[in-house]
Amino acid sequence: MKKIALLILAAAASGFAADGSLKESGPARTFNELEYGTLSGRVQSLTMYRDYADDGKGNGANSTLGLQLGYLSPEIAGFDFGLTYNGAAEFWKNNNSGLLANDDINVLNEAWIRYRVTTNAVVTIGRKVNNGEIFRDNDFRQKARSIEAVQFETTGIKDLKLGMGHAFRMSNWIDAGDRWDFNDFGDVFGAGADTDGITWGEALYTGIQDLEIALFDAYAYDVANLVGTRVKWDVTTNSALVGYYRHENDVGNAASGDSDAFGISLQQKVGKVTLEPGYFGVRGDTLHFQEATTGMNHPLGSSLMIYGTQFAGESDTVYLKATTKIGDTKFYALYNYTWHDELPYDGQEFNVVVKQPICDNLTLAFKGGIGHRELSGGADTTATDARLFLTLKF
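I will try to describe carefully the structure that is included in this document.

Under the criterion given, the structure shown has 12 salt bridges. Across the salt bridge formed by Asp139 and Arg42, the nearest N and O atoms sit 2.7 Å from each other. Placement of the pair is Asp139 in the loop between strand S5 (121-128) and strand S6 (146-154) and Arg42 in strand S1 (residues 38-52), with a sequence separation of 97 residues. Residue Asp139 is classed as partly exposed on the basis of its relative accessible area of 31%. Ionic contacts of the salt-bridge type, sharing partners, join the residues Arg50, Asp385 and Arg387 into one network.

So, on to a nonpolar patch on the surface. A cluster of nonpolar side chains, Phe79, Phe81, Leu83, Leu108, Ile113, Tyr115, Val117, Ile125, Val150 and Phe168, forms an exposed patch at the surface whose accessible area comes to about 830 Å². Contributing elements (two or more residues each) for the nonpolar patch: strand S3 (79-95) and strand S4 (105-118). Considering each element in turn, the nonpolar patch owes the most residues, four residues, to S4. You can see Val150 is positioned in strand S6. Here Val150 falls in the partly exposed class, since its relative accessible area comes to 35%.

Across soluble globular proteins, nonpolar side chains have a tendency to be buried as a group. Counting 28 residues, the largest nonpolar core has Ile134, Phe135, Phe185, Ile198, Trp200, Phe280 and Phe289 as the members making the most contacts within it. At the level of elements, S6, strand S7 (160-171), helix H3 (185-188), strand S9 (198-205), strand S10 (211-220), strand S11 (224-234) and strand S14 (273-284) are the ones that each hand at least two residues to this core. Counting residues per element, this core draws most heavily on S10, at three residues. Listed in part, the six residues of the second largest apolar core include Tyr52, Leu304, Met305 and Ala383.

With eight bridges joining them, S7 and S9 adopt antiparallel strand pairing. What sits directly across from Leu162, in S9, is Ala203. In sequence, S9 turns back onto S10 through a hairpin of five residues, with Asp210 there showing a positive phi of about 65 degrees.

The next subject is unusual backbone geometry. Of note, Asn95 is a non-glycine position whose phi angle comes to about 55 degrees, a positive value. Note that Asn95 resides in strand S3. Assessed through its relative accessible area of 55%, Asn95 is described here as exposed. You will see that Asp222, though not glycine, has its phi angle at about 60 degrees, which is positive.

Let us look at the environment of Asp196. Its place among the elements puts Asp196 in the loop between H3 and S9. With relative accessibility at 55%, the residue Asp196 sits in the exposed group. In this structure, the C-alpha to C-alpha distance between Asp196 and Gly87, residues 109 residues apart in sequence, is 28 Å. Not counting chain neighbours up to four residues away, the residues in contact with Asp196 comprise His166 and Tyr221.

Another point: the packing of aromatic side chains. Taken as a whole, this structure holds 13 aromatic pairs when the rule is applied. Taking the centre distance of 5.2 Å and the plane angle of 80 degrees together, the rings of Phe135 and Trp200 count as edge-to-face. Here Trp200 lies in strand S9 and Phe135 lies in the loop between S5 and S6, a separation of 65 residues in the sequence. The same class applies to Phe135 as to Trp200, namely buried. Here Tyr219 and Tyr221 contribute two aromatic rings whose centre-to-centre distance is 4.8 Å and whose plane-to-plane angle is 70 degrees, an arrangement assigned as edge-to-face. Residue Tyr221 is classed as partly exposed on the basis of its relative accessible area, which comes to 29%. By way of ring pairs, the aromatic residues Phe135, Phe185, Phe189, Trp200 and Phe289 are connected into one cluster. Its guanidinium or amino end placed over the ring of Phe182, Arg127 lies 4.0 Å from that ring's centre, counting from NZ or CZ. Sitting over the face of the ring of Trp112, Lys128 holds its NZ or CZ atom 5.2 Å from the ring centroid.

Moving on: the side chain of Gln44. Inspection of the secondary structure puts Gln44 in strand S1. Among the polar contacts listed, one links the side chain of Gln44 to the side chain of Gln142, at a separation of 3.1 Å. In terms of polar contacts, Gln44 uses its side chain to reach the side chain of Thr391, at 2.8 Å. In contact with Gln44, not counting residues within four places along its chain, are Thr64, Leu65, Gly66, Arg141, Gln142, Phe389, Leu390 and Thr391.

Moving on to the pairing of strand S15 (residues 315-326). Sheet topology note: the S14/S15 ladder contains nine bridges and is antiparallel. Paired with Tyr279 across the bridge in S15 is Val318. Relative to strand S16 (residues 329-340), S15 is paired through 12 bridges, and the arrangement is antiparallel. In the sheet register, Lys325 faces S16, and the bridge partner there is Lys330. From the end of S15 to the start of S16, which pair antiparallel, there are two residues, and Gly327 there has a positive phi angle of about 65 degrees.

About the thresholds
- Residues numbered from 1 in each chain as written.
- Predicted model: local features only at pLDDT ≥ 70, side-chain atom pairs only at ≥ 80, totals over all residues.
- Heavy atoms only, no water.
- Salt bridge = Lys/Arg side-chain N within 4 Å of Asp/Glu carboxyl O.
- Helix = DSSP H or I, 4+ residues; strand = E, 2+ residues; numbered from the N terminus.
- Buried < 20%, exposed > 50% of the residue type's maximum accessible area, 1.4 Å probe, protein only.
- Patch = residues over 30% accessible without salt bridge, like charges linked within 9 Å, V, L, I, M, F, W, Y side chains within 5 Å.
- Areas by Shrake-Rupley, 256 points an atom, 1.4 Å probe, with all protein chains shown as cover.
- Core = buried A, V, L, I, M, F, W, Y, C linked by side-chain atoms within 4.5 Å.
- Pairing = 2+ DSSP bridges.
- Contact = heavy atoms within 4.5 Å.
- Phe/Tyr/Trp six-rings, centres within 6.5 Å; stacked < 30°, edge-to-face > 60°.
- Lys NZ or Arg CZ within 6 Å of the ring centre and 35° of its normal.
- Polar contact = N/O pair within 3.5 Å; in protein donor to acceptor, adjacent residues only side chain to side chain.

The structure is reproduced here in structure tokens:
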């Protein structure tokens, strides 16, 4: 019944946009013009295929239809609030579709109330997507990562942006099991027991010409404390250097573990193409704060498969990214190679993304990846990943 209702609702939303643009006509615009708040949304089909036969996992494919509905209220006496619902139903699958992390979801991903303390400072309570140094939205499937938290943000100090808060639970982007739902951070980090969440703070300073400096700290109770920095230097109008360092150490009842992560990359524009060669390394234990948990604001970004296991302890990764736009078509490519001291293989992966607008608010995107592992004393393995997105925003 849930799947049927979701499909009918998604189809109805699509029907509203016969001209490809709900911003130009339709119920959403009619409601928004009444000044009772702003409605927005997205209908998205995602078809995926993965082949991990060399790893003994076989292959799998499926298709999901997702619906995102959002509402933002007007601000009254300094207060406003927002709601975002995310749902997705799997309507076709084949073989081992559990490989895809693309199952059914049903969650109120955002439900927050915000108070504007001053012109440049706000306090937010509730479920909200946060896209900073500690938490990243990473809308890789049918929903973005979201946290249930008390947050404070201010830009009241010249050239300085500050954010801090305490997160109680988190809803991940991964559409598998209940990882899409709001879970205790003990589950998020695989700590084996409930925790008291994460207290964090971060600062972004831009007061020095051509320089951007971020500092951050996050204390995950009974898991780990993270402290780090990210620095971007615009060397010329076409070149920038990005440096990155973070340290994690165990706290409270957590098992003993420490790690350091380092990164450096060059962002270089060559004609219409932006190239980015870089390095990312981990010393010590596997990172707690990374793409499968809270995310991380690092130029390496996230591979489609993370087949090289870039966030494992005692690993080194070199990579090259390339982005460009030809007409309205966007192209993205990422190659990375990771070698390990503790895992019995070295891995590499190549990703490509092509995104093409069809009409206003309607886009078609293809994402593909191929990974290869060179095993010590065993047969090498190769795996593939392919995804097709059709996305209508209104």
